[in-house]
Amino acid sequence: MRRTVFNEDHEAFRETLRAFIEAEVVPVYDEWFAAGQAPREFYYKLGELGIFGINVPEEFGGAGLDSHKFEAVLYEETARAGVQFGGSGVHVLLALPYIKMLATDEQKKRFLPKFVSGEEMWAIAMTEPGTGSDLAGMKTTARLSEDGTHYVLNGSKTFITGGVHADKVIVCARTSAPTAEDRRFGISLFAVDTKSEGYSIGRKLDKLGLRTSDTAELAFVDVKVPVEDLLGEENKGFSYLGHNLASERWGIAFGAYAQAKAAVRFATEYVRERTVFGKPVAHFQNTKFELAACQAEVDAAEAVADRATEALDAGELTPAEAASAKLFCTEVAHRVIDRCLQLHGGYGYMNEYPIARLYADNRVNRIYGGTSEIMKSIIAKDMGL
């Protein structure tokens, strides 16, 4: 089946990106993996390549495009090479939509040029210890000072991707108490400078997968946040968070599909080279049947991912459709990657092989951005159940 989601511009970008990965990432990726993060300098290279500015308006130094298809190419090419771009994904996929949607013209002039260049890396801090997916239960507070010039931020966050290298963090905090009618009321969003007094980075968390992506705990003790750094309106943060969930879940869905596709590639190459009982592993019927079944699942996931991409670009991807795409693609990736690892035998369990790293990286896809169980609830509600 011929894909129609990409055009010549996307394929030209693919060629440039593939060459960049081969030259700048693959040779040093083992070092990043051992260190547990990509070096901060790497993000400047991504800025120079134009990765951060694709969807940023031209007046702020970006390319001015309004499409997620270049991000989709990036997901496919990093998965194909068995690498990750550190914690930079949250910079574009999560932080940028909030800046574009909520920032004033003055804020955009301050924030976006450095965002595009990689001079300032962004993260977003929602989750807190003990609250998990229950964002309405967050305890972090931001109280307006008596003179009205700044907010005073206190609290803590955890599981913050990009939190170690971040220069700016969009922090979700309570500016008012919840009401009896709406416990989600009272949350606001702030662009917090990580160099602020009272802001501290706790542990760099030791994760099962995504080893090159820095993930941290954050703490705020009387951090002064200028009123000019409030994003959007006070107390309306929860509605803003919901607005961008569809694009976030699309990204997870497409990334999972790309990982499944890469797993089939890794396994196919391995079984052609690996010999047992005097024959290539690819010679055996079980190998052929397993890979054929995996390929069929990848083909289906590709169709779902592509359809979701077109809908997102058209502004028509609904929350239920995004949940469906995420549920399907992440569950397919789980099954396919597991079967492809099995075909590697004992070597599939060794981190020197990309399938092992992919297996660990993929597992979080069914957790973050909303668990598979939450996706099912959203879909069921849309069905009227």
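As a starting point, this report considers the structure included with it. Keep in mind that this is a model prediction, so the values were computed, not measured.

1. Description of the overall build of the protein chain
- When helices and strands are tallied, the protein chain shows 12 helices and 10 strands.
- In terms of principal-axis extent, the alpha carbons of the protein chain reach across some 80 × 50 × 40 Å.
- Across the 385 residues that make up the protein chain, the buried fraction comes to 52%.
- The long-range share in the protein chain, meaning contacts at least 24 apart out of those at least 6 apart in sequence, stands at 75%.
- Carbon and sulfur atoms make up 53% of the accessible area of the protein chain, which totals about 18100 Å².
- Charged side chains of the protein chain number 43 positive and 55 negative; the gap between the two group centres comes to 5 Å.

2. Focus: the pattern of salt bridges
- This structure, assessed with the given rule, holds 26 salt bridges.
- Measuring nitrogen to oxygen at the nearest pair gives 3.2 Å for the salt bridge that ties Lys236 to Glu233.
- On the accessibility criterion, Lys236 (40% relative accessible area) is partly exposed.
- For Glu233, a relative accessible area of 45% corresponds to the partly exposed category.
- We note a salt bridge from Glu302 to Lys261, for which the minimum N-O separation is 3.9 Å. Taken as a pair, Glu302 in helix H9 (residues 285-313) and Lys261 in helix H8 (residues 245-273) lie far apart in primary sequence, 41 residues in all.
- Lys261 sits in the partly exposed class, given a relative accessible area of 37%.
- By sharing partners, the salt bridges in this structure join Arg3, Glu11, Arg14, Arg18, Glu76, Glu77, Lys261, Glu302 and Asp306 into a single network.

3. Examining the pairing of strand S1 (residues 122-125)
- Neither face of S1 is left uncovered, since the one carrying Trp122 and Ile124 and the one carrying Ala123 and Ala125 both have all their residues buried.
- Bridging between S1 and strand S4 (residues 168-174) involves 4 bridges; their strand directions are parallel. What sits directly across from Ala125, in S4, is Val171.

4. Some details on the nonpolar core
- Among the nonpolar cores identified, the biggest contains 92 residues, and Val25, Phe42, Phe85, Leu189, Trp250, Val336 and Cys340 are the most heavily contacted of them.
- Of the residues forming this core, the biggest block, 15 residues, is contributed by H8.
- Look past the residues within four positions of Phe42 in its chain and what remains in contact with it is Phe20, Val25, Trp32 and Phe85.

5. Focus: the packing of aromatic side chains
- Across all of its chains, the model carries 16 aromatic pairs by this definition.
- Judged by centre distance (6.0 Å) and plane angle (55°), the ring pair of Tyr29 and Trp32 falls under tilted. Taken together, the residues span about one helical turn, with Tyr29 and Trp32 both in helix H2 (residues 29-35) at a distance of 3 residues.
- With centroids separated by 5.3 Å and ring planes inclined at 85°, the aromatic side chains of Phe254 and Tyr257 adopt a geometry described as edge-to-face. Of this pair, Phe254 and Tyr257 both sit in helix H8, separated by 3 residues, roughly a single helical turn. In terms of burial, Phe254 and Tyr257 fall into one category: buried.
- Put simply, the rings of Phe20, Tyr29, Trp32, Phe42, Tyr43 and Phe85 touch in pairs and so form one group of aromatic residues.
- Between Arg14 and the ring centre of Phe6, over which it is positioned, the NZ or CZ distance is 5.2 Å.
- A cation over an aromatic ring shows up here: Arg40 above the ring of Tyr44, its NZ or CZ 4.7 Å from the ring centre.

6. Digging into the packing of H8 against helix H11 (residues 354-362)
- Interaxial distance between H8 and H11 falls to 10 Å at its minimum, and their mutual angle equals 160°. What the angle tells us is that H8 and H11 run roughly antiparallel. Crossing of H8 over H11 shows left-handed handedness. Where H8 approaches H11, its residues Ala256, Gln259, Ala262, Ala263 and Phe266 are matched on the opposing element by Pro354, Ile355, Leu358, Asp361 and Asn362.

7. Observations concerning the pairing of strand S7 (residues 215-226)
- Alignment of strand S3 (residues 150-161) against S7, held across 9 bridges, turns out to be antiparallel. Residue pairing across strands places Ser156 opposite Ala219, the latter belonging to S7.

8. Examining a nonpolar patch on the surface
- A contiguous nonpolar patch, built from Tyr347, Tyr349 and Met350 and spanning about 370 Å² of accessible area, is present on the exposed surface.
- Checked against the element boundaries, Met350 lands in the loop between helix H10 (319-343) and H11.

9. A look at the environment of Met121
- Mapped onto the elements, Met121 comes out in the loop between helix H6 (105-117) and S1.
- Separated by 70 residues in sequence, Met121 and Ala191 place their C-alpha atoms 12 Å apart.

10. Quick word on helix H5 (residues 88-102)
- Between its first and last C-alpha, H5 extends 21 Å over 15 residues, near the 21 Å set by a 1.5 Å rise per residue.
- Largest kink in H5: about 40°, centred on Ala95, with the proline Pro97 one to four residues after it.
- For H5, the full list of buried residues reads Ser88, Val90, His91, Val92, Leu93, Leu94, Ala95, Leu96, Tyr98, Ile99 and Leu102.

11. Points about the environment of Phe111
- Of note, Phe111 is situated in helix H6.
- Note on Phe111: relative accessible area 1%, which makes it buried.
- Between the C-alpha atoms of Phe111 and Lys168, which are 57 residues apart in sequence, the distance is 9.2 Å.
- Once residues lying within four places of it in the same chain are set aside, the contact partners of Phe111 are Trp122, Lys168, Ala191, Asp229 and Leu231.

12. A short note on H9
- When the terminal C-alpha atoms of H9 are compared, their 42 Å separation across 29 residues agrees well with the 42 Å that a helix rising 1.5 Å per residue should span.
- Looking at the residues trailing H9, positive phi occurs at Gly315, about 70°.

Basis of the calculations
- Residues numbered from 1 in each chain as written.
- Predicted model: local features only at pLDDT ≥ 70, side-chain atom pairs only at ≥ 80, totals over all residues.
- Heavy atoms only, no water.
- Helix = DSSP H or I, 4+ residues; strand = E, 2+ residues; numbered from the N terminus.
- Buried < 20%, exposed > 50% of the residue type's maximum accessible area, 1.4 Å probe, protein only.
- Contact = heavy atoms within 4.5 Å.
- Areas by Shrake-Rupley, 256 points an atom, 1.4 Å probe, with all protein chains shown as cover.
- Lys, Arg positive; Asp, Glu negative; His and termini not counted.
- Charge placed at Lys NZ, Arg CZ, Asp CG, Glu CD.
- Salt bridge = Lys/Arg side-chain N within 4 Å of Asp/Glu carboxyl O.
- Pairing = 2+ DSSP bridges.
- Core = buried A, V, L, I, M, F, W, Y, C linked by side-chain atoms within 4.5 Å.
- Phe/Tyr/Trp six-rings, centres within 6.5 Å; stacked < 30°, edge-to-face > 60°.
- Lys NZ or Arg CZ within 6 Å of the ring centre and 35° of its normal.
- Axes fitted to C-alpha atoms, helices over the stretch in contact; angles between N-to-C directions.
- Parallel < 35°, antiparallel > 145°, perpendicular 65-115°, else oblique.
- Left-handed = near helix turned anticlockwise from the far one by under 90°.
- Patch = residues over 30% accessible without salt bridge, like charges linked within 9 Å, V, L, I, M, F, W, Y side chains within 5 Å.
- Expected span 1.5 Å × (residues − 1).
- Bend = angle between axes of the 7 residues up to and from the residue.

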